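Listed below are the residues making up each chain.
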Amino acid sequence: MKESDKVITVLTRELGVISIYAKGAMRLKNKFHSSTGVFTYSEFVIFEGRGDRMYQLNEAVVKKVFYTLSESVENIALAMYMSELIYESVVPDEASNDILRLYLNCLHMLCEGKWSLLMTKAAFEMRLMSDIGFRPSIAGCKRCNEYEKDIFFFDAQEGYLVCPDCIKTYDTAYMASDPPVTLALRYFALADLEQMFTFKLKGYSLIQLSHICERYVLNHTKDSYKTLDFLKPLIEPLIEAEINSAKGN
Ligand SMILES: [Zn+2]
């Protein structure tokens, strides 16, 4: 490999996450330069044969660059975290397309300012976990099937809800889920993607939702992410702003 070559990690529609070797792509004038940039959606023609999940780039067309991401450190940090999450998850080939759509839609919502960072993060976390095989069971209480209650408690380990009548004293790790939060979780885990992006939440409910979705990811993948460590301090002021706006109402 030469200094001007690069290897990129790509989430594909058909093959999950793969590596692509792009000859000369580090050079500004190279035909692959822009299509192989970070947070770029491109169409690639690739050849097999450079080893396990490593392909060679033959042709490339840029479909979309998320330019406005770079206007906000917070947004870049979230995009990096979403990428690391996908990279660390074992993306089943058959779910690749769903996950690619989720990722592109989340970047779009974020760049267009249609969703807050906290909303995008929570939705992405819960939907990704659902798509890779950890869809929580959140239609109703796991123990009595009741589906309408003033509050539920979410077990972020096992991925289900219990109602106040059924919760046991030893269920200490369960996280409170108010009705709007429960509804959001149902949207994220169960609704069609298009429908999911119509949902909005703010204030204390959004904070509660954030905690639940992040905990769910950490319980089901790994304990820590470098990109999440970077993102967390950037999120603190956003959480404070949500608390202040809730107080103001
Ligand atoms: Zn119950």
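Since the structure is predicted, the reported quantities are computational estimates derived from the model, not experimental observations.

Chemist: Residues and numbers for the overall build of the protein, please.
Modeler: Within the protein, the regular secondary structure consists of 7 helices and 8 strands. The C-alpha radius of gyration of the protein comes to 20 Å, within 12% of the 18 Å expected for a compact globule of 249 residues. Over its C-alpha atoms, taken along the principal directions, the protein stretches across nearly 65 × 40 × 30 Å. Burial analysis of the protein (249 residues in total) assigns 32% to the buried set. In the protein, the share of contacts with a sequence separation of at least 24, taken over all contacts with a separation of at least 6, comes to 58%.

Chemist: Tell me about helix α2 (residues 96–111), residues and numbers included.
Modeler: For α2, with 16 residues, the first-to-last C-alpha span of 22 Å sits near the 22 Å given by 1.5 Å per residue. Those residues of α2 lying buried are Ser-96, Ile-99, Leu-102, Tyr-103, Asn-105, Cys-106, Leu-107, Leu-110 and Cys-111. Of the surrounding elements, those touching the buried residues of α2 are β1 (6–11), α1 (73–88), α3 (117–134) and α5 (193–196). Note on α2: the residue one or two positions beyond its end, Gly-113, has a positive phi of about 70°.

Chemist: Any details on the sheet that holds strand β5 (residues 137–141)? Residues and values, ideally.
Modeler: Spatial ordering of the open sheet is given by β5-β7-β6-β8, a layout of 4 strands whose pairing is mixed. Looking at the sheet topology across the chains shown, the edges are occupied by β5 and β8 (175–177). Taken pair by pair, the neighbouring strands of this sheet meet at an average axis angle of 30°, ignoring direction. Sheet topology places strand β6 (residues 152–155) next to strand β7 (residues 160–162); 3 bridges connect them, and they run antiparallel. Counted as the bridge partner of Asp-155 is Tyr-160 from β7. Sheet strands touched by helix α4 (residues 179–190): β5, β6, β7 and β8. Its angle to β5, the strand with the most contacts, is close to 140°.

Chemist: Let's hear about the domain arrangement of the protein: which residues, and what values?
Modeler: Here the domain parsing of the protein yields domain 1 (6–65) and domain 2 (69–248). At the junction of the two partners, domain 1 supplies 10 residues and domain 2 supplies 13 residues. Classifying every residue of the side of domain 1 that touches domain 2 by side-chain character gives 5 nonpolar, 3 polar and 2 charged.

Chemist: Any details on the packing of α1 against α2? Residues and values, ideally.
Modeler: Direction vectors running N to C along α1 and α2 enclose 175°, while the axes themselves pass 11 Å from each other. One way to sum up the angle between α1 and α2 is to call them roughly antiparallel. From α1, Asn-75, Leu-78, Ala-79, Met-82 and Ile-86 reach across to α2, where they touch Ile-99, Tyr-103, Cys-106, Leu-107 and Leu-110.

Chemist: Talk me through the sheet that holds strand β4 (residues 54–65); I want residue IDs and the actual numbers.
Modeler: Taken together, 4 strands build an open sheet; the order of strands is β1-β2-β4-β3 and the sheet is mixed. On the outer flanks of this sheet lie β1 and β3 (40–47), each paired with one strand and no other. Across the sheet, the mean angle separating the axes of adjacent strands is 45° when strand polarity is ignored.

Chemist: Describe the nonpolar core, and please don't skip the residues or the numbers.
Modeler: If you look at the biggest cluster of nonpolar residues, it comprises 49 residues, and the most contacted ones within it are Leu-78, Met-82, Cys-106, Met-126 and Leu-209. For this core, the secondary structure elements donating two or more residues are α1, α2, α3, β5, β6, β7, α4 and α6 (203–220). The element best represented in this core is α3, accounting for 9 residues. In this structure Met-82 touches Tyr-103, Cys-106 and Phe-124, once residues within four positions along its chain are discounted. Grouped together as the second largest cluster of nonpolar side chains are 8 residues, Ala-22, Ile-46, Leu-57 and Ala-60 included.

Chemist: So what about the pairing of strand β2 (residues 17–22)? Which residues, and what values?
Modeler: Across 6 bridges, the pairing between β1 and β2 is antiparallel. Paired with Ile-8 across the two strands is Ile-20, which belongs to β2. Where β2 lies against β4, 3 bridges are found, and the strand directions are parallel. Looking at the pairing, Tyr-21 lines up with Gln-56 of β4.

About the thresholds
Residues numbered from 1 in each chain as written. Predicted model: local features only at pLDDT ≥ 70, side-chain atom pairs only at ≥ 80, totals over all residues. Helix = DSSP H or I, 4+ residues; strand = E, 2+ residues; numbered from the N terminus. Rg over C-alpha atoms; globule rule 2.2 N^0.38 Å. Buried ≥ 20, exposed ≤ 12 C-beta atoms within 10 Å, placed from the backbone. Contact = placed C-beta atoms within 7 Å. Expected span 1.5 Å × (residues − 1). Pairing = 2+ DSSP bridges. Axes fitted to C-alpha atoms, helices over the stretch in contact; angles between N-to-C directions. Domains from an automatic or database assignment. Nonpolar A, V, L, I, M, F, W, Y, C, P; charged D, E, K, R; others polar. Parallel < 35°, antiparallel > 145°, perpendicular 65-115°, else oblique. Core = buried A, V, L, I, M, F, W, Y, C linked by C-beta atoms within 7 Å.

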